[in-house]
Number of protein chains: 2
Amino acid sequence: MLNLLELEQLAAFADWGTLSKAAEQLHISQPTITRTMQHLEEEFGVPLFSRSKNKIQLNETGKKAVEYAKSLLEDAKEAVAQVQAFHKRLHTITVQSCAPAPLWSLLPILSSEFPQQTISSTLLEEPEIVRQVRDGDCEMGILPRPVEQEGVKCVPFLEEKLSVCVPYEHSLAERTSLTFQELNGFNCLLLSQIGFWDKLCREKMPASRFLVQTDSFEFAELVRHSSLLCFTTNLARDSQELFHKRNIIPLTDAQANVTYYLLFTNSVYQAVAEKCSNRH
Amino acid sequence: MLNLLELEQLAAFADWGTLSKAAEQLHISQPTITRTMQHLEEEFGVPLFSRSKNKIQLNETGKKAVEYAKSLLEDAKEAVAQVQAFHKRLHTITVQSCAPAPLWSLLPILSSEFPQQTISSTLLEEPEIVRQVRDGDCEMGILPRPVEQEGVKCVPFLEEKLSVCVPYEHSLAERTSLTFQELNGFNCLLLSQIGFWDKLCREKMPASRFLVQTDSFEFAELVRHSSLLCFTTNLARDSQELFHKRNIIPLTDAQANVTYYLLFTNSVYQAVAEKCSNRH
DNA sequence: TATTATTACGTTAGGCGTAAAGATT
DNA sequence: AATCTTTACGCCTAACGTAATAATA
């Protein structure tokens, strides 16, 4: 039977032209590779090389053998990768969400329900989330609206309501409610990694500029020492910084008050989804 | 790197259900296969089995690994076969002919021109011959007519003229020439393995019956002791049997007097083809 | 009790590297 | 001289089988 280690030497010889170079590249001795080539000819049962006294080269048959050898080596490598990927997949629950807040509730639940599994989550745009859930590329998805899709189950999860944090001295500070339209034109501080909220704000407040902060401490510092608007929600885990000398004013737009829905195909997650919705 | 021998043990385990059975089938000891399975798990880097005290079985990942293992084993076997076939092909000149007579001239020439090569010949029907030459499935073809085909060279080779052997007492015995039409209705003795001649006779003499003989000695015996018609050509290597108390009368039909053409794609055979046509 | 997987252990065969030879440029 | 392939030789690892262990049906 063929031996992949030997085929690798054959491929190396084909790539480097001489047994010496190939041996050097593979960190083995020259006699070893000579022996291997002889052994390969036995295995294939046909001559693969044309030999003169101190020169050896592939004949036509040998070149064909090299083709197959490289293909087999590639396939073998691919097989290992695929099996590893399959294993990883089997022990990973991947959640694709449109926003971070619902993950804060869901991930701990998944961790306790599936203590053996690794939980992996990413923020994605809505269409991509739907596609991944449908194609089985992830186990769960979280959207800010329900979807009707063949084979995809969709369960309401929890609500998030957006509010704006207005400094006391701001002209809007005394309002009890606001709309995107009224905020449009005022510049805002924003955190990165907030999923669809970012896109929503830019869409609804095209005249505003958004100063996106990656670091939450820097963000908090800026909030404290600036008079720029910023946002929070009922689910936010902010420290007191946001409330420091600011009024929290709810937005009344429908799109600022979303209900998250859990998407999944495998009914294993039905129970979790129901448990989640009951909690809220 | 994966080892195909180990993968074979994995496949055997999958097929036979227990390590013991697999070991027995492969004529190896049980400890060996146990170790191999452990080693395979290291190679793949993930668990492939679920083990209880005296039971071991494939887990989901393991089943995937078996799929890939079997595929790789199949590919490896196929690779060896393909390389061997390639080698054989490289050292074999295959000639597909519509009739045996031109082979009697061509094969000796090929043998002396290519003493290293094995010469292989078969009788086929015309369309298949053209296909094989075109597709490179054979090196040369012999047809009873020229063909125009992209990339296929076509050189006139030699002529064969059909005659009928009529017993002295036969009503047609005194004719100096004949046609298929005149022969139609008379029953004939025929040898097998005469290529397109068989089909031609049946087509041109639909009212006749043909008694096909496989053995040439039996054929000669029948010719000698019957008054049935039979055929010969200018190229035939018949003994005197056919002429025993028979007149040899040529057929005048165009299709009974053919010119054979050599077909080939590889110009290596151009020289041979020219040498052939010069000889005749 | 028979079957199965695994561990322990001693042996051996096969594979590797070093050294050397032969040949070519 | 330098480079390359091949042969010869000795060592050593790694793989195998036997025997023993443990557990199950």
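Residues numbered from 1 in each chain as written. Chains lettered and ligands numbered in written order. Predicted model: local features only at pLDDT ≥ 70, side-chain atom pairs only at ≥ 80, totals over all residues. Heavy atoms only, no water.

Chemist: Would you explain the interface of chain B and chain A in this entry?
Modeler: For interface size, the figure often reported is the accessible area lost on association. Taken together, the contacts link 28 residues of chain B with 28 residues of chain A. In total, about 2,600 Å² of surface goes out of reach between chain B and chain A, with carbon and sulfur atoms giving 81% of it. Contact with chain A buries surface across chain B, with Met1(B), Val83(B) and Phe86(B) losing the most and accounting together for 22% of the total. Counting every contact that joins chain B to chain A gives 0 salt bridges. (Contact = heavy atoms within 4.5 Å. Buried area = accessible area lost by both parts, 1.4 Å probe. Salt bridge = Lys/Arg side-chain N within 4 Å of Asp/Glu carboxyl O.)

Chemist: What is the right way to read the relation of the copies chain B and chain A from this model?
Modeler: Note that the two copies of the chain are related through a rotation about an axis and a translation along the same axis. Between the two copies, chain B and chain A, the superposition gives an RMSD of 0.3 Å; the rotation angle is 179 degrees and the shift along the axis is 0.2 Å. These values place the two chain copies in the arrangement generated by a two-fold rotation axis. A share of 100% of the interface residues of chain B reappears at the interface of chain A, consistent with the copies meeting face to face through the same patch. (Least-squares fit on C-alpha atoms with pLDDT ≥ 70 in both.)

Chemist: I keep staring at the packing of aromatic side chains and nothing clicks. Help me out?
Modeler: For any pair of aromatic rings, the description consists of the separation of the ring centres together with the inter-plane angle of the planes. Residue and element names in this part refer to chain A. Counted under the stated rule, the structure contains 8 aromatic pairs over all chains. One aromatic cluster is present, formed by Phe196, Trp197 and Tyr260 through successive ring pairs. One Lys or Arg, arginine 237, reaches over the ring of tryptophan 104 and ends 3.5 Å from the middle of that ring. (Phe/Tyr/Trp six-rings, centres within 6.5 Å; stacked < 30°, edge-to-face > 60°. Lys NZ or Arg CZ within 6 Å of the ring centre and 35° of its normal.)

Chemist: Please explain the pairing of strand β6 (residues 153–167) of chain A as it appears in this structure.
Modeler: Looking along a regular strand, one sees side chains alternate from face to face of the sheet. Residues and elements named next belong to chain A. Both β6 and strand β11 (residues 257–264) contribute to a ladder of 7 bridges, which runs antiparallel. Its bridge partner lying in β11, lysine 153 is registered against phenylalanine 264. In this sheet, strand β10 (residues 246–250) lies alongside β6 in antiparallel orientation, the contact comprising 5 bridges. Paired with proline 167 across the strands is arginine 246, a residue of β10. (Pairing = 2+ DSSP bridges. Helix = DSSP H or I, 4+ residues; strand = E, 2+ residues; numbered from the N terminus.)

Chemist: I would appreciate a short explanation of the protein's contact with DNA strand C in the present structure.
Modeler: Within the structure, DNA strand C sits among 18 residues, and Ser29(A), Thr32(A), Arg35(A), Ser20(B) and Arg51(B) are positioned closest to it. The side chain of Ser20(B) places a nitrogen or oxygen atom 2.7 Å from a phosphate oxygen of DNA strand C. Residue Arg51(B) places a side-chain N or O atom 2.8 Å away from a phosphate oxygen belonging to DNA strand C. The biggest single contributor to the surface near DNA strand C is helix α3 (residues 30–44) of chain B, with 4 residues. (Near = heavy atom within 4 Å. Polar contact = N/O pair within 3.5 Å; in protein donor to acceptor, adjacent residues only side chain to side chain.)

Chemist: Looking at this structure, how should I read the nonpolar core?
Modeler: Across soluble globular proteins, nonpolar side chains show a tendency to be buried alongside one another. Formed by 56 residues in total, the largest nonpolar core has its most connected members in Leu7(A), Leu10(A), Phe44(A), Leu7(B), Leu10(B) and Phe44(B). Leave out the neighbours within four places in its chain, and Leu10(A) touches Met37(A), Leu40(A), Phe49(A), Leu58(A), Ala65(A), Val66(A) and Ala69(A). (Core = buried A, V, L, I, M, F, W, Y, C linked by side-chain atoms within 4.5 Å. Buried < 20%, exposed > 50% of the residue type's maximum accessible area, 1.4 Å probe, protein only.)

Chemist: Explain the side chain of Arg246(A) to me, please; I cannot follow it from the model alone.
Modeler: All names here are of chain A. Its location among the elements puts arginine 246 in strand β10. For arginine 246, which is buried and forms no salt bridge, the nearest opposite charge comes from glutamate 169, at a distance of 7.1 Å. From its side chain, arginine 246 meets the backbone oxygen of leucine 228 in a polar contact 2.8 Å long. Among residues more than four places away in sequence, those in contact with arginine 246 are Cys165, Val166, Pro167, Tyr168, Val223, Ser226, Ser227, Leu228, Leu229 and Cys230. (Lys, Arg positive; Asp, Glu negative; His and termini not counted.)

Chemist: Could you clarify how one ought to interpret the state of the cysteines in this entry?
Modeler: Note on terminology: disulfide describes a covalent bond linking the sulfur atoms of two cysteines. Residue and element names in this part refer to chain B. Taken as a whole, this structure holds 0 disulfides over all chains when the rule is applied. Cysteine 188 takes part in no disulfide bond, and the closest cysteine sulfur, belonging to cysteine 201, lies 7.0 Å away. No disulfide involves cysteine 230; its sulfur sits 4.0 Å from that of cysteine 165, the nearest cysteine. (Disulfide = S-S within 2.5 Å.)

Chemist: What am I meant to see in the domain arrangement of chain A here?
Modeler: Each domain of chain A was delimited in the assignment, giving domain 1 (4–89), domain 2 (91–155 + 262–279) and domain 3 (158–257). The distance between the C-alpha centroids of domain 1 of chain A and domain 3 of chain A comes to 63 Å. (Domains from an automatic or database assignment.)

Chemist: I'm lost on the protein's contact with DNA strand D in this one. Help?
Modeler: Neighbouring DNA strand D are 18 residues, the closest being Ser20(A), Gln30(A), Arg51(A), Ser29(B) and Thr32(B). A breakdown of the atoms of DNA strand D within 4 Å of the protein gives sugar and phosphate a share of 63%. Between DNA strand D and the protein, one listed contact pairs a phosphate oxygen with a side-chain N or O atom of Thr32(B) at 2.6 Å. The side chain of Arg35(B) places a nitrogen or oxygen atom 3.2 Å from a base oxygen of DNA strand D.

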